[in-house]
Amino acid sequence: MLVNLHVKNFAIIDEADVDFGEHLNILTGETGAGKSILIGSLSIALGGRVSPEMIGRRDDTATVEAVFSISDEETKRAIRELDIPFEDDEIVISRKITENRSVNKINGESVPAGVIRQVASLCIDIHGQNEHQSLLKPSRQREIVDRFGGEEIAVALQEVYDVYHEYASVKKEIEENDLTDEELARQIDFLTHEKNEIASANLSKQEMETIDDDFRVASNSGNIVEVLSSVYNDGTKASWESVNRVLPELKRASTLDPKLAEYSDQLMEIESLLGDLNRDLSGFMQDYTFDEGRLRELEQRVDLIHTLQSKYGETYEDIMTHHDIVEERLGHYADYEKFQKERREQFDRLVIELADKSKALTSLRYKAAQTLKAEIEKALADLNFAHVEFEIEIGRSEYFSENGVDDIEFLIATNPGEPVRSLSKIASGGELSRIMLAIKSVFADSDEIETLIFDEIDAGISGRTAQMVSEKMNTIARHHQVICITHLAQIASMADTHFVIEKEVGADASETMIRKLDRNQSLDELARLLGGAEITDAVRENAREMKEMADALKA
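Parameters at a glance
- Every chain is numbered on its own, with residues counted from 1 as its sequence reads.
- Thresholds applied to this predicted model are a pLDDT of at least 70 for local features of residues and 80 or more for the giving and counting of side-chain atom pairs; totals over whole chains, interfaces and linings are not thresholded and use all residues.
- Each side-chain value is derived from all of the structure's non-hydrogen atoms; neither hydrogens nor water enter the calculation.
- To qualify as a helix, a DSSP run of H or I must reach at least 4 residues; to qualify as a strand, a run of E must reach at least 2; elements of each kind are numbered from the N terminus.
- Values of the radius of gyration come from C-alpha atoms, whereas the globule rule sets the reference at 2.2 Å times the count of residues to the power 0.38.
- Exposure is judged per residue with a 1.4 Å probe applied to protein chains only, and the accessible area is read against the type maximum: over 50% gives exposed, under 20% gives buried, and values in between give partly exposed.
- By the convention used here, residues are in contact when the closest approach between their heavy atoms is within 4.5 Å.
- Under this rule, positive means Lys or Arg and negative means Asp or Glu; His and the chain ends count for nothing.
- Note that the charge is assigned to NZ on lysines, CZ on arginines, CG on aspartates and CD on glutamates.
- Note on pairing: two strands pair once DSSP finds at least 2 bridges between them.
- Note on definitions: the grid is 1 Å and covers protein atoms alone; a cavity is a set of points where a 1.4 Å probe fits but cannot get out; a pocket is an open set with protein on both sides within 12 Å along at least five of seven lines; lining residues have an atom within 4 Å of a point.
- Grid points are joined across faces, edges and corners, and a volume is the space filled by probe spheres set on the points.
- Residues are sorted three ways: Asp, Glu, Lys and Arg are charged, Ala, Val, Leu, Ile, Met, Phe, Trp, Tyr, Cys and Pro are nonpolar, and all the rest, Gly among them, are polar.
- Angles shown run from 0 to 180 degrees and are taken between the N-to-C directions of axes, each axis being a line fitted to C-alpha atoms and, for helices, limited to the stretch in contact.
- Counted as salt bridges are all cases of a side-chain nitrogen of Lys or Arg within 4 Å of a carboxyl oxygen of Asp or Glu.
- Nonpolar cores are built from buried Ala, Val, Leu, Ile, Met, Phe, Trp, Tyr and Cys residues. Side-chain atoms within 4.5 Å join them into one set.

Participant: What am I meant to see in the overall build of the chain here?
Facilitator: A tally of helices and strands in the chain yields 18 helices and 15 strands. Its C-alpha radius of gyration of 37 Å places the chain more than 25% over the 24 Å reference for a compact globule of 555 residues. Oriented by its inertia axes, the alpha-carbon framework of the chain measures out at about 110 × 90 × 40 Å. Burial analysis of the chain (555 residues in total) assigns 43% to the buried set. For the chain, the share of sequence-separated contacts (at least 6 apart) that also reach a separation of at least 24 residues comes to 71%. One way to put it: in the chain the 62 positive side-chain charges average out to a point 3 Å from where the 110 negative ones average out.

Now the structure itself:
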């Protein structure tokens, strides 16, 4: 669950620190107080894109930090597979944002924003207007059915995926090698040239790793000898002679004062080291010769290897892998008709296998869709869709894909006598939000994601519908931590933890603040939501009754 959110210098939030509770957390506030900014800051903490314009006025840096406590074992395993270390079941995600860059960390270690997004997707699910709109996409609707089907569909889908990619690979190979006699001859000539070019180079891994250094040394050998000569004659040799000259004097002095023996021993060690260094340098210079023929040979090898690298790959392994691929293709072309016949036979077998796997997947999807349809219809009825008819239509695509051959579409009719039609043609924004809430409630018992955030869930609803939405939110919150921004008292009354977001307008600037409410303060906020400009005793009594009704439902 999301334990804490800390925001500093983000938009009009100077600093906010929020400790969220378990179950249902409600955020309310006046329009324009900054509720969307707070959720926006959380989205950014979880790896979302950020504009430099969102940095506040207090500093040139904005900071957002989210702390999660992870209890689900599968979630822990998935996080560890991303090589994210964590102890005490806690994940701290932080982002420091400047005008030009952001510094992203998980548990104090720098990570790319993409890793933050991966971890966040395991911990939290944010539902806003964009998420509701994604429900209109056929791919999203197929994902919902597949997810509802659980492990059985996941296994079947993986089998389709594996066979499809083999099928696509063989299909591509057949198309690329569908050659006329002239094209075949040109391909054989070209591949033979590549094979011979690599083979005749007689490469070795060791040579490729060292030849650039060998060439650099050989081409600069004159300078190296000159430097070594200067070091030897003007440096180490002269230093050794100087030390050797004064060392006997220091030894004699140490017989007069035993305290000097330590310095004498140190100077003897220096004299020995300089003597060894002089001998090594002298021997190295005697053996070090400039070989123009060797230089030319190295230069030619360097040019050849660089040419091969530009054509076939940077490493020895890359070049030799290309050689093996070329050799394999030449082997195929040696008996071209047999090669194509074998590939077409393999392709035909894969088409049959892919069709069988896809058919099995379709059957599982039909089974899952029927159960899912019934559960979504029930959840929609709980959300005041009085005469709803919901269908999951599974059609057949013209082509195979890695997801099988099924085109899945959600259809709905919200009034009696109407034919079911595509969500995209009839569902309003408010209806989409309720349909998404219904789907989330169906998945609530099995969903591994611990924290759900709902923004704009109350769009376009009021009265009895709002009450039913609040009850459904409470049902989900029994199994998850839920954070919900709302303008409706019916939903706010269900809060287990209630926060108010307020904007304080000063002479020069505005500031958004958030504070946790106790029960009496929560009742005052419910009264504000109910009463608008004037809060009467009757409105306060209405707020108290609404809260007591909510408590009774949760009992």
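Participant: Is there a simple way to explain the pairing of strand 1 (residues 2-10) in this structure?
Facilitator: It is a general feature of regular strands that their side chains alternate between the two faces of the sheet. Burial analysis of strand 1 places 7 of its 9 residues in the buried class, the great majority of the element. Sheet topology places strand 1 next to strand 4 (residues 62-69); 6 bridges connect them, and they run antiparallel. Across the sheet, H6 pairs through a bridge with E65, a residue of strand 4. For strand 1 and strand 2 (residues 13-19), the ladder comprises 6 bridges, and the chain directions are antiparallel. Within strand 2, the residue paired with F10 across the bridge is I13. Between the antiparallel neighbours strand 1 and strand 2 lie 2 residues, among them A11 with a positive phi of about 55°.

Participant: When you look at empty space enclosed by the protein in this model, what are you seeing that I'm missing?
Facilitator: Think of a ball as big as a water molecule: rolled over the atoms, this probe shows where empty space is left. Applying the stated criterion to the full structure yields 2 cavities of 30 Å³ or more. Of the volumes computed, that of the largest cavity is approximately 50 Å³. Looking at the largest cavity, the residues that line it are R140, I144, R147, M436, I439, K440 and F443. Where the lining of the largest cavity is concerned, the elements lending two or more residues are helix 5 (138-176) and helix 14 (429-443). Counting residues per element, the lining of the largest cavity draws most heavily on helix 14, at 4 residues. Residue composition of the lining of the largest cavity, by class: 4 nonpolar, no polar and 3 charged. Forming the walls of the second largest cavity are L5, F20, L27, L38, I39, L42, I453 and I483. With 3 residues, the top contributor of residues to the lining of the second largest cavity is helix 1 (residues 35-45).

Participant: Just checking my understanding: could you explain the sheet that holds strand 12 (residues 451-455) for this structure?
Facilitator: Adjacent strands of a sheet form backbone hydrogen bonds with each other and so pair up, either parallel or antiparallel. Taken in spatial order, the 6 strands line up as 8-12-13-3-14-15 in an open sheet, and their pairing is mixed. Because the sheet does not close on itself, it has two edges, and the strands there are strand 8 (124-127) and strand 15 (510-516). Across the sheet, the mean angle from the axis of one strand to that of its neighbour is 15°, orientation sign disregarded. In the sheet, strand 3 (residues 24-29) pairs with strand 14 (residues 497-505) via 5 bridges, with the strands oriented parallel. Bridge assignment links G29 to a residue of strand 14, and that residue is I501. Contacts between helix 1 and the sheet are confined to strand 3, strand 8, strand 12, strand 13 (481-485), strand 14 and strand 15, with strand 3 contributing the most and set at about 135° to the helix. Contacts between helix 17 (residues 519-531) and the sheet are confined to strand 3, strand 14 and strand 15, with strand 3 contributing the most and set at about 55° to the helix.

Participant: Hey, could you run me through the pattern of salt bridges in this one?
Facilitator: Pairing is possible between side chains that carry opposite charge, provided their charged atoms lie close to one another. Applying the stated criterion across every chain, the model contains 27 salt bridges. With a closest N to O distance of 2.6 Å, K341 and E345 form a salt bridge. Linking K341 with E345, this pair stays in helix 12 (residues 336-382), spanning 4 residues, or about one helical turn. D551 serves as the salt-bridge partner of R519, at 2.8 Å between the closest nitrogen and oxygen.

Participant: How should the nonpolar core be read in this particular structure?
Facilitator: Burial of nonpolar side chains together is a common tendency in soluble globular proteins. The biggest cluster of nonpolar side chains holds 71 residues, and the ones touching the most others in it are L135, L380, F410 and F454. The biggest single contributor to this core is helix 12, with 11 residues. Beyond its immediate sequence surroundings of up to four residues, L380 is in contact with F385, V388, F390, I412, R434, I435 and A438.

Just geometry here; none of it tells us what the structure is for.
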